[in-house]
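Coordinates in review
Read off the chains here:
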Amino acid sequence: MTRERLYLYDTTLRDGQQTQGVQFSTQDKQRIAKALDGLGIDYIEGGWPGANPTDSAFFEAAPETRAKMAAFGMTKRAGRSAENDEVLAAVMNAGTGTVCLVGKSHVYHVETALGITLAENTENIRASIAHLVAQGREALFDAEHFFDGYKANPEYALEAIRAAHEAGARWVVLCDTNGGTLPHEIARIVGEVIAAGIPGTHLGIHTHDDTGNAVANSLAAVDAGVRQIQGTLNGLGERCGNANLTSLIPTLLLKEPYASGFETGIAPERLQGMVKISRLLDEILNRVPMRQAPYVGASAFAHKAGLHASAILKDPGTYEHIDPAVVGNARIIPMSNQAGQSNLRQRLAEAGLEVERDDPRLSRILDRVKEREDQGYAYDSAQASFELLAREELGQLPNYFEVERYRVISERRRNAKGQVVVESEAVVTVQLQDGTKRTGYFKNEHPQDLHDDGPVNALWQALKTDLGPYQARIEDIRLTDFKVRITNGGTEAVTRVIIDFQDDQARRWSTVGVSPNIVDASFEALHDSIRWKLTRHGV
Ligand SMILES: CC(=O)SCCNC(=O)CCNC(=O)[C@H](O)C(C)(C)COP(=O)(O)OP(=O)(O)OC[C@H]1O[C@@H](n2cnc3c(N)ncnc32)[C@H](O)[C@@H]1OP(=O)(O)O
Ligand SMILES: CC(=O)C(=O)O
């Protein structure tokens, strides 16, 4: 059976940049474009040249890509020719072989947002696309608000996209700009557009996730005949985001009828890079990766419940829709109060601890986990702390050092220049196995920094200042995330702190601390981190 070609168009660098809180630098854009190209995306929309200095600079030094690089802009304004529209000229001057212009297809928007006649708008679309084609560019027309426009006035919505198609647009992209359309409506309207004479091989779909249906809407459009999908990595995009390519790509390559019905530019082995590319974007944006993200999230293949873990160990197919390795992800069997002996034995085995099936210590570990979770601990997000608890119960946790005391002070004051200064200092005293004591002290030594990194950082620095023979083994530990929650420990409100760490070998681990006192909860998590590193990777 011959497979039809389905084209993937990435707009992370354009619509993705419209995400609240996202501001790419030119270098960020270059890194993302290269990663997308490596994945095998057909089109990369690089931004809107002339709209801002970053986008203009990106196109001035756009990376060489196998993917077609597209510049984005809007149709010419009324009352001037396409040749004389300076906004359009800036887009053309980027010199890309592909240009995508957004234009109106909804009567209400033509009249309210543009304040021009329907005939003028149609002519703006026609003339703009014809200009692109005359300049030898591959033209795309993003029909803004198409689905809402079609529902309000199908004749005009069709007239607008026909103008683009007849003027030579390679792709007419039907946009669900406000994201309110549902899959059955998308399917019906796409079918009617094709019946009205614009072939699916020239139609694209651009959806937004305002009802949580952006991916479903894209698939509905493909089912109805469109052959280009626009989307973004990790579902970035205006408001609730665009169709998430990190979900769509594995679905298209792994699920039927798409896997056998279509060919995309993405080679099957590239799928193994999905987790990596998703995390790269999060790293560039300094965002914590979304654990629940389909296919690529850290929890996408985490089996927490005892019944699930028990079956998974017999055959992963019992609770997994695909093999996690196919998308570069990994299976996790976390520990928690939902766990049974199967989770526990699997987790212990991963930590190098083999325990026989009916060893009574297994029940004691499970009882302690459930008891501590009742006090506010959360071991499913803090596997390193769980491992320490288990090792202690199994008698396999060396007592490297005892913490004798710690003290931390935070101060807010005005300095001699009248500036507000916030400073923290900490001291930690430990006793080593040979009975000697070591004291670590930390205070910010940079008087020009008016605000230091706070009491938890001061404690962390003091704790890892001098651990005698263990010092060299813990030097490379870094804090990567710090999460605080007020939760119930039994009947009392307590603070739960979860801290994520990383070392130079790119190992990542998380620990948990619980106390009515936030500093003490943090200290417990910091202390666990060092003990875990020494236990697992100390030698
Ligand atoms: C659905 C989408 O996501 S499309 C992508 C939207 N992306 C962006 O807007 C990000 C980049 N945009 C920008 O940097 C700026 O809006 C610019 C540089 C393009 C324009 O800036 P300004 O000239 O200051 O205009 P401003 O942003 O206030 O308003 C947009 C103008 O374009 C007009 N316009 C909007 N869409 C179109 C269109 N498809 N064709 C022609 N004109 C249009 C509006 O009517 C408005 O004109 P007016 O000021 O005469 O009322
Ligand atoms: C073009 C676009 O981004 C939209 O209509 O949502």
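Residues numbered from 1 in each chain as written. Chains lettered and ligands numbered in written order. Predicted model: local features only at pLDDT ≥ 70, side-chain atom pairs only at ≥ 80, totals over all residues. Heavy atoms only, no water.

Along the protein, the regular secondary structure elements total 19 helices and 16 strands. The principal-axis extent of the C-alpha atoms belonging to the protein is close to 85 × 70 × 45 Å. When the 539 residues of the protein are sorted by exposure, 52% land in the buried category. Carbon and sulfur atoms form 47% of the exposed surface of the protein, whose accessible area is close to 23,800 Å². The positive charge centre, built from 58 side chains, and the negative charge centre, built from 72, are 3 Å apart in the protein. (Helix = DSSP H or I, 4+ residues; strand = E, 2+ residues; numbered from the N terminus. Buried < 20%, exposed > 50% of the residue type's maximum accessible area, 1.4 Å probe, protein only. Areas by Shrake-Rupley, 256 points an atom, 1.4 Å probe, with all protein chains shown as cover. Lys, Arg positive; Asp, Glu negative; His and termini not counted. Charge placed at Lys NZ, Arg CZ, Asp CG, Glu CD.)

Attention now moves to the nonpolar core. In this structure, I41, I129, F146, I161, L174, V193 and I249 are the most contacted members of the largest nonpolar core, which totals 84 residues. Among all residues touching I161, those that are not within four sequence positions of it are F141, A143, F146, V172, L174, V193 and I198. If you look at the next biggest cluster of nonpolar residues, it comprises 31 residues, including L432, I474, W509 and L526. (Core = buried A, V, L, I, M, F, W, Y, C linked by side-chain atoms within 4.5 Å. Contact = heavy atoms within 4.5 Å.)

A few words on helix α4 (residues 107-114). Of the positions making up α4, those classed as buried are V107, H109 and V110. Buried-residue contacts for α4 involve β5 (98-104), α5 (118-134) and α7 (154-166). G115 lies just past α4 and shows a positive phi near 65°.

Ordered in space as β11-β12-β13, the three strands form an open sheet in which the pairing is antiparallel. Each having just a single partner strand, β11 (401-414) and β13 (437-443) make up the two edges of the open sheet. Taking each pair of neighbouring strands and ignoring which way they run, the sheet shows an average axis angle of 10°. Sheet topology places β11 next to strand β12 (residues 420-432); 13 bridges connect them, and they run antiparallel. If you follow F401 over to β12, its bridge partner there is L432. (Pairing = 2+ DSSP bridges. Axes fitted to C-alpha atoms, helices over the stretch in contact; angles between N-to-C directions.)

The next point concerns the sheet that holds strand β16 (residues 508-515). Spatially, three strands are ordered β14-β15-β16 in an open sheet, and the strand pairing comes out antiparallel. Sheet topology places β14 (478-489) and β16 at the edges, where each strand pairs with a single neighbour. Each neighbouring strand pair of the sheet contributes to a mean axis angle of 20°, computed without reference to strand direction. Where strand β15 (residues 492-502) lies against β16, eight bridges are found, and the strand directions are antiparallel. Bridge pairing in β16 links I498 to V512.

This paragraph deals with the site of ligand 2. Around ligand 2, the surrounding shell consists of R14, D15, V102, D142, E144, C175, T177, H206 and H208. For ligand 2, an oxygen atom lies 3.0 Å from a polar atom in the side chain of D15. At 2.6 Å, a side-chain N or O of T177 approaches an oxygen atom of ligand 2. Out of a free accessible area of 210 Å², ligand 2 has 95% covered by protein chains. Broken down by class, the residue content of the shell around ligand 2 amounts to two nonpolar, three polar and four charged. (Near = heavy atom within 4 Å. Polar contact = N/O pair within 3.5 Å; in protein donor to acceptor, adjacent residues only side chain to side chain. Nonpolar A, V, L, I, M, F, W, Y, C, P; charged D, E, K, R; others polar.)

Moving on to the pattern of salt bridges. Between side chains of opposite charge, pairing is possible as soon as their charged atoms come close. If you walk through the whole model with that rule in mind, you get 40 salt bridges. The partner of E283 in a salt bridge is R31, with the nearest N and O atoms 3.6 Å apart. Separated by 252 residues along the polypeptide, E283 in helix α12 (residues 274-285) and R31 in helix α1 (residues 26-39) bring together distant segments of the chain. Measuring nitrogen to oxygen at the nearest pair gives 3.9 Å for the salt bridge that ties E387 to R347. One end of the pair, E387, is in helix α16 (residues 383-394); the other, R347, is in helix α14 (residues 341-350), and 40 residues separate them in sequence. If you follow the salt bridges from partner to partner, you end up with R347, E350, E387, R391 and R536 in one network. (Salt bridge = Lys/Arg side-chain N within 4 Å of Asp/Glu carboxyl O.)

Attention shifts here to the UniProt feature "domain: Pyruvate carboxyltransferase" (unreviewed entry) in the protein. With numbering matched to this structure, UniProt assigns "domain: Pyruvate carboxyltransferase" (unreviewed entry) to residues 6-272. Between the C-alpha atoms that bound residues 6-272 the distance is 20 Å, and the span itself is 42% helix and 18% strand. (UniProt positions renumbered as here; feature names shortened; annotations may be inferred.)

Predicted confidence across the protein gives a mean pLDDT of 94, with 99% of residues reaching 70 or more. In the predicted complex, the global pTM is 0.81; the interface-specific ipTM is 0.94. (pLDDT = per-residue confidence, 0-100.)

This next bit is on unusual backbone geometry. With omega at 10°, the peptide bond leading from E256 into P257 counts as cis. One non-glycine residue, N234, lies in the positive phi region at around 55°. Among the structural elements, N234 can be located in the loop between β9 (228-231) and α10 (245-254). By relative accessible area, N234 is classed as partly exposed at 21%. Phi is positive for Y295, which is not a glycine, with a value near 65°.

The full set close to ligand 1 counts 16 residues, and Q18, M74, T75, V102 and A113 are the nearest of them. At a separation of 3.4 Å, an oxygen atom of ligand 1 approaches a polar side-chain atom of R14. One nitrogen or oxygen atom from the main chain of A113 is found 3.3 Å from an oxygen atom belonging to ligand 1. Summarising the interface, the protein chains cover 52% of the accessible area of ligand 1, which totals 1,000 Å² for the free molecule. If you tally residues by element for the shell around ligand 1, the top one is β5, at three residues.

Most of strand β8 (residues 203-207) is tucked away: five of the five residues are buried. Burial along β8 is two-sided: the residues L203, I205 and T207 and G204 and H206 are all buried. In terms of strand pairing, strand β7 (residues 171-176) meets β8 through five bridges, oriented parallel. Residue pairing in the sheet places C175 in a bridge with H206 of β8.

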